[in-house]
Amino acid sequence: MSTITTKDGTRIFYKDWGSKDAQPIVFSHGWPLTADVWDPQLVFFANAGYRVIAHDRRSHGRSDQVWQNNTMDQYADDLGELIEQLDLKNVVLVGHSTGGGEVTRYVGRHGTDRVANVVLLGAVPPLMLKTEANPGGLPLEVFDDIRKNTFGNRSQFFKDIVVPFYNYNREGAVLSEGIRDNFWRQGMMGGLKGQLDSIKAFSESDFTEDLKKMDVPALIIHGDDDQIVPIGASALLSSKLAPKATLKIYEGSGHGISEQEADRFNADVLAFIKG
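Residues numbered from 1 in each chain as written. Predicted model: local features only at pLDDT ≥ 70, side-chain atom pairs only at ≥ 80, totals over all residues. Heavy atoms only, no water.

Caption draft 1: Representation of the overall build of the protein in the model. Scanning the protein from terminus to terminus reveals eleven helices and eight strands. For the protein, the spread of C-alpha atoms along the principal axes amounts to about 45 × 40 × 40 Å. Within the protein, the fraction of its 275 residues that count as buried is 56%. Accessible surface for the protein amounts to roughly 11300 Å². Of this, 49% is attributable to carbon and sulfur atoms. (Helix = DSSP H or I, 4+ residues; strand = E, 2+ residues; numbered from the N terminus. Buried < 20%, exposed > 50% of the residue type's maximum accessible area, 1.4 Å probe, protein only. Areas by Shrake-Rupley, 256 points an atom, 1.4 Å probe, with all protein chains shown as cover.)

Here you go:
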């Protein structure tokens, strides 16, 4: 397995496919998944002539399970170390859900010297948690329930959450047992402590100032029927904060766009990169 070792001694697993001389695209996954969720994109963009890289976030997948430092700042710094150790330049950063927060915080902490473009898909910025300053966010009780269910029986919870994640509770939807099994498999590869910490990281991190520093072209894609990261408190606001953002709304789509609508998503991202 390919890994880097971060400054605090954590091994981060990554996939690195395609030509090493090509422009790199780096993918950051959502909670509680792994780099495997990006496989349809990795194959598509490698075949299109790009170098594609996807890593397992610390305490997820094949990366080390650590007790401390499961924070959004550390996730962003891990991404930074991956980019620097592989000496990647002119990078396209793609982040889904929690990964969108990771990418945004990377820009806030490390700048855009190595970055060409950013793609945020169903991403958590600017802030998921409801506060006085963010009345459109979700109440703390929502995230407390996620913590409770993850701690109490995460195996069952990872099977159950697939339903709203992929909008299988909408009229006419047909649940894919393959997608459910693959989601469960990836979730159970991670460490419970890190996954619990990550809930706080993705729900309580405020990315407002990070978005303002996103001075490269950014494509923000979001489903208007996303039941996990509602569009009103996320993409609709982020697209106004990032200086060079383009918002693309997928009508009727949920949270699992990169898998359920891979062809459309891949084409839109490819056009954005080339454009």
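Caption draft 2: Seen up close, the packing of aromatic side chains. Overall, the coordinates contain 13 aromatic pairs when judged by the stated rule. Relative to phenylalanine 183, the ring of phenylalanine 165 has its centre 5.1 Å away and its plane inclined at 70 degrees; by these criteria the two rings are edge-to-face. With phenylalanine 165 in helix α5 (residues 162-165) and phenylalanine 183 in helix α6 (residues 177-189), the pair connects residues that are 18 residues apart, well separated along the chain. Look at phenylalanine 165 and you get buried, because its relative accessible area is 3%. Exposure remark for phenylalanine 183: the relative accessible area of 1% places this residue in the buried category. Put simply, the rings of Trp31, Phe143, Phe157, Phe158, Phe165, Tyr166, Tyr168, Phe183 and Phe202 pair up and form one aromatic cluster. For arginine 57, the ring lying beneath its charged end belongs to tyrosine 75, and the centroid distance is 5.3 Å. When the ring centre of tryptophan 184 is taken as reference, the NZ or CZ atom of lysine 159 above it lies at 5.8 Å. (Phe/Tyr/Trp six-rings, centres within 6.5 Å; stacked < 30°, edge-to-face > 60°. Lys NZ or Arg CZ within 6 Å of the ring centre and 35° of its normal.)

Caption draft 3: The nonpolar core, seen in detail. Core analysis: the largest hydrophobic core is formed by 48 residues, its most contacted members being Phe27, Trp38, Phe45 and Phe265. Here the element with the most residues in this core is helix α11 (residues 262-274); it accounts for five residues. When residues no more than four places from it in sequence are discounted, the contact partners of phenylalanine 45 are Ile25, Phe27, Tyr50, Val52, Asn266, Val269, Leu270 and Ile273. In this structure, Tyr14, Leu88, Val107 and Leu211 belong to the second largest nonpolar core, which totals 28 residues. (Core = buried A, V, L, I, M, F, W, Y, C linked by side-chain atoms within 4.5 Å. Contact = heavy atoms within 4.5 Å.)

Caption draft 4: Main features of the side chain of glutamate 102. The residue glutamate 102 is located in helix α3 (residues 98-110) in this model. Residue glutamate 102 is classed as buried on the basis of its relative accessible area, which comes to 0%. At a separation of 2.7 Å, a polar atom in the side chain of glutamate 102 contacts the side chain of arginine 57. Once you skip the residues sitting within four places of it in the chain, glutamate 102 turns out to touch Ser28, His55, Arg57, Met72, Tyr75, Ala76 and Leu79. (Polar contact = N/O pair within 3.5 Å; in protein donor to acceptor, adjacent residues only side chain to side chain.)

Caption draft 5: Region of the structure containing the pairing of strand β3 (residues 24-28). Among the five residues that make up β3, five are buried, leaving the element largely enclosed by the rest of the structure. Neither face of β3 is open: one carries Pro24, Val26 and Ser28, the other Ile25 and Phe27, and all of them are buried. The sheet contact formed by β3 and strand β4 (residues 51-55) spans four bridges and is parallel. Its bridge partner being in β4, phenylalanine 27 is matched across the sheet by alanine 54. Taken together, β3, helix α1 (residues 39-47) and β4 form a β-α-β motif whose crossover is right-handed. (Pairing = 2+ DSSP bridges. Right-handed = clockwise from strand over helix to strand, strands pointing away.)

Caption draft 6: Geometry of the packing of helix α2 (residues 72-85) against α3. The N-to-C vectors of α2 and α3 enclose an angle of 75 degrees; their axes lie 8 Å apart at closest approach. Classified by the angle between their axes, α2 and α3 sit roughly perpendicular to one another. Taken together, the residues of α3 that come into contact with α2 (itself represented by Met72, Asp73, Tyr75, Ala76, Asp77, Leu79, Gly80 and Ile83) are Thr98, Gly101, Glu102, Val103, Arg105, Tyr106, Arg109 and His110. Broken down by class, the residue content of the contact of α2 with α3 amounts to seven nonpolar, four polar and five charged. (Axes fitted to C-alpha atoms, helices over the stretch in contact; angles between N-to-C directions. Parallel < 35°, antiparallel > 145°, perpendicular 65-115°, else oblique. Nonpolar A, V, L, I, M, F, W, Y, C, P; charged D, E, K, R; others polar.)

Caption draft 7: Quick look at the sheet that holds strand β8 (residues 245-250). Sheet architecture is open: eight strands sit in the order β1-β2-β4-β3-β5-β6-β7-β8, paired in mixed fashion. Edge positions in the open sheet fall to β1 (3-5) and β8, since each of these has one partner strand only. When the angles between neighbouring strand axes are averaged without regard to direction, this sheet yields 20 degrees. Relative to strand β5 (residues 91-96), α3 is tilted by about 140 degrees, and along the sheet it contacts β3, β4, β5 and β6 (115-121).

Caption draft 8: Region of interest: unusual backbone geometry. Cis rather than trans, the peptide bond between tryptophan 31 and proline 32 has omega equal to -5 degrees. Tracing the chain through its elements places proline 32 in the loop between β3 and α1. One non-glycine residue, asparagine 69, lies in the positive phi region at around 65 degrees. Here asparagine 69 lies in the loop between β4 and α2.

Caption draft 9: Representation of helix α4 (residues 140-160) in the model. End to end, α4 covers just 20 Å across 21 residues, shorter than the expected 30 Å (1.5 Å per residue, more than 12% under). The largest bend along α4 measures about 125 degrees and falls at asparagine 153. Of the residues making up α4, those classed as buried are Phe143, Ile146, Thr150, Arg154, Phe157 and Phe158. Buried residues in α4 make contact with α5, α6 and α7 (192-204). (Expected span 1.5 Å × (residues − 1). Bend = angle between axes of the 7 residues up to and from the residue.)

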